[in-house]
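Examining the three-dimensional arrangement
So you can see what is in the structure, the chains are spelled out below.
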Amino acid sequence: MHATHNPKLKSWVESANDPASDFPIQNLPFGVFRRKGSTEAPRGGVAIGDQILDLEAVGLKTGPTLNVLAAAGRKTWRELRKSLSIGLADPKQAKRLAKYLLPMKQAELFLPVAVGDYSDFFTGIHHATNMGKMFRPDNPLLPNYKWVPIGYHGRASSIVISGTPVTRPNGQTRGQTDPPDAPPLFGPSKRLDYEVELGFVAGPGNPLGKPVPVARALEHVFGVVLFNDWSARDIQTWEYQPLGPFLAKSFASTVSPWIVTLEALEPFRCPAFPRSGEDPRPLPYLLDPADQREGGYAIGTSMFLRSAQMREQKMPPARLSRCTFQDAYWTVAQMVAHQSSNGCNLQPGDLLGSGTISGATPDMAGSMIELTQGGKHPLTLPSGETRSFIADGDEVVQRGRCEREGAVSIGFGEAAGVVKPAPKA
Ligand code: MN
């Protein structure tokens, strides 16, 4: 850690010094923005309090995505962070930089990177256990789980920025109580769900055929966004065997607009998930002592729901899930090392999803299928409405924050989306 993490550091942008702000000077996350309602070209900016500082203020013209910045690597990210920190702390620079500020309220935000490829992992061991229990009560965790960071290749084209409406998917489903020879139906999913995840944005990446060693894996991670991996459970149940998730997941995934850099997250590093004595030792390509010691990140993230009725009644979103990335069995370095271990190339801007990060207790479940036990125990919202799964008109909002004694708390902003009815099947 160095000067940019100093908890005493303040900014001349006053709103950044509010302890409740997600974007104090110790955070400095990157996004892509333009003035709302304008035809300006989208460009890179950094969030500071309730403002956005155009990266042109430090001589950086990013263009409409941050892929070039992601590709530039750790040394560049560090220097940029340092100069932004100095500029936003020094009151003498306020006058010069003020013309590069735009209030966040007046900004339209875009996907911060063009995502070429997206994979989703399954690192949440409690989620894997909870889901396994529904299908295999005696043997919830499959034997490969503690050896292999399980994942699948997802769909990048349907990754959307926070605020984008999500259309309920149509798909093939067959009721679990239907006779086995009954034909499936095609129509709107009746079991629409969310998944509380984090998305890791790839940095420089590796050439095809040259794996990233686990000890150097973090050099290939630019930063972290909130990630809601919307899931249609009824479509998933019918389609997932034998090849895994397909259309149950590829209709939308919502990300937050601000990439919180690994460097900003330094104060919130923690040990990797504690393995019990019975757990296997990771294979050598997944094992690095420093990664075991401090390769975890204590990132808290919660999911909230606000129904159409709650919005009409001006009620705030109700919290459904409270999760922490400390419940991930595999570290981000292990995800990167595993993903590239066969020679597969990561490219700047690629996204690696953590998988649903449920905690050990029922209130820390990171999806509705876990919270309602497969829909059997509906939730009651503050409006008195009940939910087994997500209804049309519901707004689902993910937030994230890191808090630690002796450090200034930093946040992620939000990843939100309102569910729209399915098109006519
Ligand atoms: Mn997922």
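These notes cover the structure that comes with them. (Residues numbered from 1 in each chain as written. Predicted model: local features only at pLDDT ≥ 70, side-chain atom pairs only at ≥ 80, totals over all residues. Heavy atoms only, no water.)

**A short note on the packing of aromatic side chains**
Using the following cut-off: Pairing of aromatic rings covers Phe, Tyr and the six-membered ring of Trp, with a centre-to-centre limit of 6.5 Å; geometry is then stacked below 30 degrees between planes, edge-to-face above 60, and tilted otherwise. Note on exposure labels: buried denotes an accessible area under 20% of the residue type's maximum, exposed denotes more than 50%, and partly exposed covers the range between, all computed with a 1.4 Å probe on protein chains only. Here, a charge over a ring means that NZ of Lys or CZ of Arg falls within 6 Å of the ring centre while also lying within 35 degrees of the ring normal.
Inspection of every chain in the model, using the stated rule, returns 9 aromatic pairs. Pairing tyrosine 329 with tryptophan 330 gives two aromatic rings, centres 5.4 Å apart and planes at 80°, and the pair type is edge-to-face. The pair tyrosine 329 / tryptophan 330 is uniform in exposure class, with both members buried. The ring centre of phenylalanine 304 lies 4.7 Å from the NZ or CZ of arginine 399, which sits over that ring.

**Considerations on the sheet that holds strand β9 (residues 166–167)**
Here is the rule we go by: Here the rule is simple: two strands pair whenever DSSP picks up at least two bridges between them. Going along the chain from the N terminus, every DSSP run of H or I of four or more residues is numbered as a helix, and every run of E of two or more is numbered as a strand.
Reading across the sheet, the 5 strands line up as β9-β26-β25-β20-β21 and stay open at both edges, with mixed pairing between neighbours. Each having just a single partner strand, β9 and β21 (318–324) make up the two edges of the open sheet.

**Notes on empty space enclosed by the protein**
So the rule is basically this: A cavity here means a set of points on a 1 Å grid, drawn over the protein atoms and nothing else, where a 1.4 Å probe fits but cannot get out; a pocket is an open set with protein on both sides within 12 Å along at least five of seven lines, and a residue lines either one if it has an atom within 4 Å of a point. Grid points are joined across faces, edges and corners, and a volume is the space filled by probe spheres set on the points. Gly falls in the polar group here, along with every residue not listed as nonpolar (Ala, Val, Leu, Ile, Met, Phe, Trp, Tyr, Cys, Pro) or charged (Asp, Glu, Lys, Arg).
Scanning all chains against the criterion turns up 3 cavities of 30 Å³ or more. If you add up the space inside the largest cavity, you get close to 60 Å³. By residue class, the composition of the lining of the largest cavity is 8 nonpolar, 3 polar and no charged. For the second largest cavity, the calculated volume is near 50 Å³. As for the second largest cavity, its lining consists of Leu111, Pro112, Val113, Val115, Ile159, Val201, Val225, Val255 and Leu351. Residues that form the lining of the second largest cavity fall into these classes: 9 nonpolar, no polar and no charged.

**Quick look at the sheet that holds strand β4 (residues 101–103)**
Note the following rule: Axis lines are fitted through C-alpha atoms, for helices just across the contact stretch, and the angle between N-to-C directions can take any value from 0 to 180 degrees.
If you walk across this open sheet you meet the 5 strands as β4-β3-β2-β1-β5, and the pairing is antiparallel. Pairing within the sheet leaves two strands with one partner each, and these edge strands are β4 and β5 (107–110). For this sheet, the mean angle separating the axes of adjacent strands, direction not counted, is 45°. Where strand β2 (residues 43–48) lies against strand β3 (residues 51–54), 4 bridges are found, and the strand directions are antiparallel. Along β3, the bridge assignment pairs alanine 47 with isoleucine 52.

**Describing unusual backbone geometry**
Cis rather than trans, the peptide bond between glutamine 241 and proline 242 has omega equal to 5°. Structurally, proline 242 can be placed in the loop between α5 (233–239) and β16 (253–255).

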